[in-house]
Protein chains: 2
Amino acid sequence: MRQVSIIGIGQTRVNEHWEKSIRDLGVEAVLAALRDAGTDSVDALYLGNMLSGELSGQEHTAALIADHAGLGGVEALKVEAACAAGAAALRVGYMAVASGVIDLAVVCGVEKMTDRLSEEVTAALAFAADAEYEVAQGISFVSLNALLMRRYMHEYGVERSAFANFAVNAHRNAMNNPYAMFHMPITEEAFNKSRMIAEPVGLLDSAPICDGAAAVVLCPRSEAREFNERPVHILASAVATDRLAVHDRSDPLFLRAAYESAQKAYEQARVGPGDIDLFELHDAFTIMSALSLEAAGFAARGQGVRLAQEGEIALQGGIPICTMGGLKGRGHPVGATGIYQIVEVVQQLRGEAGENQVDCRLGMAQNIGGSGATVITHILEALS
Amino acid sequence: MRQVSIIGIGQTRVNEHWEKSIRDLGVEAVLAALRDAGTDSVDALYLGNMLSGELSGQEHTAALIADHAGLGGVEALKVEAACAAGAAALRVGYMAVASGVIDLAVVCGVEKMTDRLSEEVTAALAFAADAEYEVAQGISFVSLNALLMRRYMHEYGVERSAFANFAVNAHRNAMNNPYAMFHMPITEEAFNKSRMIAEPVGLLDSAPICDGAAAVVLCPRSEAREFNERPVHILASAVATDRLAVHDRSDPLFLRAAYESAQKAYEQARVGPGDIDLFELHDAFTIMSALSLEAAGFAARGQGVRLAQEGEIALQGGIPICTMGGLKGRGHPVGATGIYQIVEVVQQLRGEAGENQVDCRLGMAQNIGGSGATVITHILEALS
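Reading guide: rules and limits
- Residues numbered from 1 in each chain as written.
- Chains lettered and ligands numbered in written order.
- Predicted model: local features only at pLDDT ≥ 70, side-chain atom pairs only at ≥ 80, totals over all residues.
- Heavy atoms only, no water.
- Helix = DSSP H or I, 4+ residues; strand = E, 2+ residues; numbered from the N terminus.
- Rg over C-alpha atoms; globule rule 2.2 N^0.38 Å.
- Areas by Shrake-Rupley, 256 points an atom, 1.4 Å probe, with all protein chains shown as cover.
- Phe/Tyr/Trp six-rings, centres within 6.5 Å; stacked < 30°, edge-to-face > 60°.
- Buried < 20%, exposed > 50% of the residue type's maximum accessible area, 1.4 Å probe, protein only.
- Lys NZ or Arg CZ within 6 Å of the ring centre and 35° of its normal.
- Least-squares fit on C-alpha atoms with pLDDT ≥ 70 in both.
- Contact = heavy atoms within 4.5 Å.
- Buried area = accessible area lost by both parts, 1.4 Å probe.
- Salt bridge = Lys/Arg side-chain N within 4 Å of Asp/Glu carboxyl O.
- Nonpolar A, V, L, I, M, F, W, Y, C, P; charged D, E, K, R; others polar.
- Pairing = 2+ DSSP bridges.
- pLDDT = per-residue confidence, 0-100.
- Expected span 1.5 Å × (residues − 1).
- Polar contact = N/O pair within 3.5 Å; in protein donor to acceptor, adjacent residues only side chain to side chain.
- Lys, Arg positive; Asp, Glu negative; His and termini not counted.
- Core = buried A, V, L, I, M, F, W, Y, C linked by side-chain atoms within 4.5 Å.
- Axes fitted to C-alpha atoms, helices over the stretch in contact; angles between N-to-C directions.
- Parallel < 35°, antiparallel > 145°, perpendicular 65-115°, else oblique.
- Left-handed = near helix turned anticlockwise from the far one by under 90°.

1. Quick notes on the overall build of chain A
So, point 1. Broken down by element type, chain A carries 14 helices and 11 strands.
So, point 2. What you see for chain A is a C-alpha radius of gyration of 19 Å, in line with the 21 Å of a compact globule of 384 residues.
So, point 3. For chain A, the spread of C-alpha atoms along the principal axes amounts to about 55 × 45 × 40 Å.
So, point 4. Entry remark: accessible area of chain A is about 12000 Å², with carbon and sulfur atoms responsible for 47%.

2. Let's talk about the packing of aromatic side chains
Residue and element names in this part refer to chain A.
So, point 1. Under the criterion given, the structure shown has eight aromatic pairs over all chains.
So, point 2. Judged by centre distance (4.7 Å) and plane angle (70°), the ring pair of Tyr 152 and Tyr 156 falls under edge-to-face. Of this pair, Tyr 152 and Tyr 156 both sit in helix H6 (residues 141–156), four residues apart, which is roughly one turn of that helix.
So, point 3. For Tyr 152, a relative accessible area of 0% corresponds to the buried category.
So, point 4. We classify Tyr 156 as partly exposed; its relative accessible area is 28%.
So, point 5. Chaining the aromatic ring pairs together yields one cluster made of Tyr 152, Tyr 156 and Phe 163.
So, point 6. Seen from the ring of Phe 191, Arg 160 lies directly overhead, with NZ or CZ sitting 4.2 Å from the centre.

3. With respect to the relation of the copies chain A and chain B
So, point 1. In screw terms, the move from chain A to chain B is a rotation of 180° and a rise of 0.0 Å along the axis, fitting with an RMSD of 0.0 Å. Read as a symmetry element, the transformation amounts to a two-fold axis. For chain A, the minimum C-alpha distance to the rotation axis belongs to Ser 99 of chain A and amounts to 1.8 Å.
So, point 2. A share of 100% of interface residues in chain A that are also interface residues in chain B marks the association as one of identical surfaces.

4. Quick look at the interface of chain A and chain B
So, point 1. Contacts between the two partners involve 58 residues from chain A and, on the opposite side, 59 residues from chain B.
So, point 2. Carbon and sulfur atoms supply 54% of the area that chain A and chain B bury against each other, a total of about 4300 Å² over both sides.
So, point 3. For chain A, the biggest contributors to the area lost against chain B are Glu 59, His 60 and Glu 80 of chain A; these three give 16% of the whole.
So, point 4. At the junction of chain A with chain B, the criterion picks out eight salt bridges.
So, point 5. Where Glu 132 of chain A meets Arg 23 of chain B, a salt bridge forms, and the shortest distance between an N and an O atom there is 2.8 Å.
So, point 6. At the level of elements, helix H2 (52–56), helix H3 (61–68), strand S3 (75–80), helix H4 (85–99), strand S8 (232–241) and strand S11 (374–382) of chain A are the ones that each hand at least two residues to the side of chain A that touches chain B.
So, point 7. A breakdown of the residues in the side of chain A that touches chain B according to their chemical character gives 31 nonpolar, 15 polar and 12 charged.
So, point 8. Strand direction decides the pairing type here: S3 of chain A and strand S3 (residues 75–80) of chain B, joined by three bridges, are antiparallel. Counted as the bridge partner of Glu 80 of chain A is Lys 78 of chain B from S3 of chain B.

5. Re the confidence of the model for chain A
Low-pLDDT stretches of the model should not have their predicted coordinates read in fine detail.
So, point 1. Averaged over all residues, the pLDDT of chain A equals 97, while 100% of them reach at least 70.
So, point 2. Scored as a whole, the predicted complex attains pTM 0.98, and scored at its interfaces, ipTM 0.98.

6. Describing the environment of Ala 81 of chain A
So, point 1. Inspection of the secondary structure assignment puts Ala 81 of chain A in the loop between S3 and H4.
So, point 2. Given the relative accessible area of 1%, Ala 81 of chain A is considered buried.
So, point 3. Ignoring any residue separated from it by four or fewer positions in sequence, one finds Ala 81 of chain A in contact with Ala 88, Gly 369 and Thr 374 of chain A together with His 60 and Leu 77 of chain B.

7. A closer look at helix H6 (residues 141–156) of chain B
Within an α-helix, residues lying three or four positions from one another point in the same direction, as the helix has 3.6 residues per turn.
Residue and element names in this part refer to chain B.
So, point 1. Taking 1.5 Å of rise per residue, the 16 residues of H6 would be expected to cover 22 Å, and the 23 Å separating its terminal C-alpha atoms lies within 8% of that figure.
So, point 2. Among the residues making up H6, those that are buried are Phe 141, Val 142, Leu 144, Asn 145, Ala 146, Leu 148, Met 149, Tyr 152 and Met 153.
So, point 3. On its buried face, H6 sits against helix H5 (118–125), strand S5 (196–198), strand S6 (201–202), helix H11 (286–295) and helix H12 (304–309).
So, point 4. Between the side-chain oxygen at the start of H6 and the backbone nitrogen of Val 142 there is a gap of 3.4 Å, and the oxygen is on Ser 140.

8. Points about the side chain of Lys 328 of chain A
All names here are of chain A.
So, point 1. Checked against the element boundaries, Lys 328 lands in helix H13 (residues 326–329).
So, point 2. Lacking a salt bridge, the buried Lys 328 has Asp 283 as its closest oppositely charged neighbour, with an N-O distance of 7.8 Å.
So, point 3. A distance of 3.0 Å separates polar atoms of two side chains, one belonging to Lys 328 and the other to His 171.
So, point 4. When sequence neighbours within four positions are dropped, the list of residues in contact with Lys 328 reads Ala 167, Ala 170, His 171, Phe 182, Leu 203, Leu 204, Asp 205, Ser 206, Ala 207, Pro 208 and Asp 283.

9. Considering the nonpolar core
So, point 1. Ranked by size, the top nonpolar core spans 94 residues in total, and within it Ile 6, Tyr 46 and Val 216 of chain A together with Tyr 46 and Val 216 of chain B carry the most contacts.
So, point 2. Beyond its immediate chain neighbours, meaning those up to four positions away, Val 216 of chain A contacts Ile 6, Gly 8, Ile 9, Ala 33, Leu 90, Ala 105, Val 106, Val 107, Ile 339, Ile 342 and Val 343 of chain A.
So, point 3. If you look at the next biggest cluster of nonpolar residues, it comprises 76 residues, including Cys 83, Ala 257, Leu 291 and Ile 321 of chain A.

10. Some words on the pairing of strand S11 (residues 374–382) of chain B
All names here are of chain B.
So, point 1. The buried fraction of S11 is high, at nine of nine residues.
So, point 2. What you see with S11 is no split at all: Thr 374, Ile 376, His 378, Leu 380 and Ala 382 on one side and Val 375, Thr 377, Ile 379 and Glu 381 on the other are buried throughout.
So, point 3. In this sheet, S11 lies alongside strand S8 (residues 232–241) in antiparallel orientation, the contact comprising nine bridges. Bridging from a neighbouring strand, His 233 pairs with Glu 381 of S11.
So, point 4. Alignment of strand S10 (residues 362–369) against S11, held across eight bridges, turns out to be antiparallel. Bridge pairing in S11 links Gly 363 to Leu 380.
So, point 5. Between the antiparallel neighbours S10 and S11 lie four residues, among them Gly 370 with a positive phi of about 65°.

11. Some thoughts on the environment of Ala 240 of chain B
So, point 1. Its location among the elements puts Ala 240 of chain B in strand S8.
So, point 2. Look at Ala 240 of chain B and you get buried, because its relative accessible area is 1%.
So, point 3. Placed 135 residues apart in sequence, Ala 240 of chain B and Val 375 of chain B show a C-alpha to C-alpha distance of 5.6 Å.
So, point 4. Apart from residues lying up to four places away in sequence, Ala 240 of chain B is in contact with Gly 73 and Val 74 of chain A together with Ala 257, Glu 260, Ser 261, Lys 264, Ala 373, Thr 374 and Val 375 of chain B.

12. Observations regarding the pattern of salt bridges
Residues and elements named next belong to chain A.
So, point 1. Applying the stated criterion across every chain yields a total of 43 salt bridges over all chains.
So, point 2. Here Asp 211 ties to Lys 112 by a salt bridge, and the two come within 3.1 Å at their closest N and O atoms. Pair noted here: Asp 211 is in the loop between strand S6 (201–202) and strand S7 (212–220) and Lys 112 is in the loop between strand S4 (105–111) and helix H5 (118–125), with a separation of 99 residues, a long-range link.
So, point 3. In this structure Lys 112 comes out as buried when scored by relative accessible area, which is 2%.
So, point 4. The network of salt bridges with common partners includes Asp 36, Arg 230, Arg 350 and Glu 352.

13. Topic: the packing of helix H1 (residues 22–37) of chain A against H3 of chain A
Residues and elements named next belong to chain A.
So, point 1. Running from N to C, H1 and H3 point in directions that differ by 60°, and their axes come no closer than 9 Å. When the axis of H1 is compared with that of H3, the two are oblique. Helix-helix and strand crossings are classified by hand; for H1 and H3 the assignment is right-handed. Residues Ile 22, Arg 23, Gly 26, Val 27 and Val 30 of H1 touch H3, and the partners they reach there are Thr 61, Leu 64, Ile 65 and His 68.
So, point 2. Considering only residue class, the contact of H1 with H3 consists of five nonpolar, three polar and one charged.

Structure (structure tokens):
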């Protein structure tokens, strides 16, 4: 099995891109990544996307973007795993290059959400849950997270304000990321007063509906230096799943798939949580940040919020998270998010994170589909 | 790179399954394939599906089916490439096992189409075409194929009746396939008189809207005999794409991606068209059969219909196609079709095709997405 490196990154700004279609966004990110890698051709394009059919009336989106990026007939496949579609596409690209079948691959994540009414988008996002046994009861993604957050507050005796710093930290870090949607710091007070969406989930607990695309170029590690002086090596790539419906899980506050995929990744990389210098986690809602930190081994059960309260998640803290803004600050174009996370870890490992630079050698990204039913973890290393 | 074998197959009957959801269908096929392979666990599930979101309000479908098949937290990803989604999932499973990352994978194709009105299904199928430049002009999938068929008839001076035997052959072969939707022979006369859908495409040129699921289990070739006395080896796996919109192609009657993916597959397998003993092609419309035979090297340009007219496509002919009924006779649950094709080639290579048995050692399957924008070719060999 060949080892795999990342030799190029590209991204559009996350925003409400009224003037760009899903094709435009995907092509822009793909071409930026190819430029960064110093190549104009690849053997394959793997696309992470969740809702191109539902929101743009477009499936077959990988072939469309390959076509309009001028990639001339290459292999092109779309991969979907709800909000983990981005990392799922990276997983496929990783296996393609590792196998020797593909030498040079571009992996793109893209989502175009703002052409539809927000209630249509909310309905489509719920397709990540169990259509027959959750959604048919009226559950939405926000209300599922509200149930989890309420349960967490009850079990561990914490107030909603304990989650504030997840959002404050994300918005602060997004300030220095030109590709982030929000360049607007928020205060703990604003978080505490924020309008409720589905109590106790407020507006400032929640990542925004938005558009964006990000891409990375992969090649075998042995050839990485031919393309790039600062290649980044994929040390681990791991996928795990859990029961899809939250009511089927014996312990809803334990993200079993996050635990399993993190453990598999640590084993592959032969490291532990203590070796990870930054952690791009899936903060679609603040409750997910707490549960992810616990499942991935950075905090004991019920202690995830402490890392926020005590500032350990800050750039200078023990385990920096959301260093370029996370889903809350950079934005969460769902199928693209997993690749934005990877692009940002690469920026950090290359030393290109500007004012948000963290001292790092190992970075971890964890992309979550649904309410934790699919979790994909990658560990990246700066090649010295 | 490890070589990859197929050690288990499973399928539901293709039909209008009013009483089964997409979850039920997928689980049934997966469990049948695992039983056939003699295993009750795998490391990963890769799911081919096009329209679960649009027609069942369900994305994240791979994790859902893995969950309800009792696969206990395994890696699960959905792969989409329009009507080539089935073969696309096999492609991913193939790379996963070839890479050494995954030892045992189940690849399932599933589609549930009959819970919606046929006009909704027709609209969703058009998502395989270019939403902004084809569909926005009112094009549907049937009308795209009608344009191609009309052009073929004009360029090569053939009548619609020249296509009759594609449909007659498919229905005849489906008679002996218990998993086929149609057990109803048709005559050339019936074909010639069939009701027009989009002239010159008639009802009997067209594969039906239907439900179904099929699955295969993959393992490294070196371990195949531990599971199965008659493993089948994947000699070649190749994907190619073309311009997505038909109007962007300089020669619309040449399926460039079918040509490219067949050529890549022949090179990998070190064989040519003359070595192929049966060819499961993508007869969503009769025109696609003619164009596929030409692009894959079985007939010169404009001569594809001759193979039908002269009976060369029959079970006893020079190049048997649609040996278990093809898309027209077995049915075309779109994201499942690519796996049905593989299951049927395996049945032939194992000598389990009953009255439709062809004398064979090498079988080829070609799955087409859209009007030819994605084409995926696999060549399988009976392990002696």
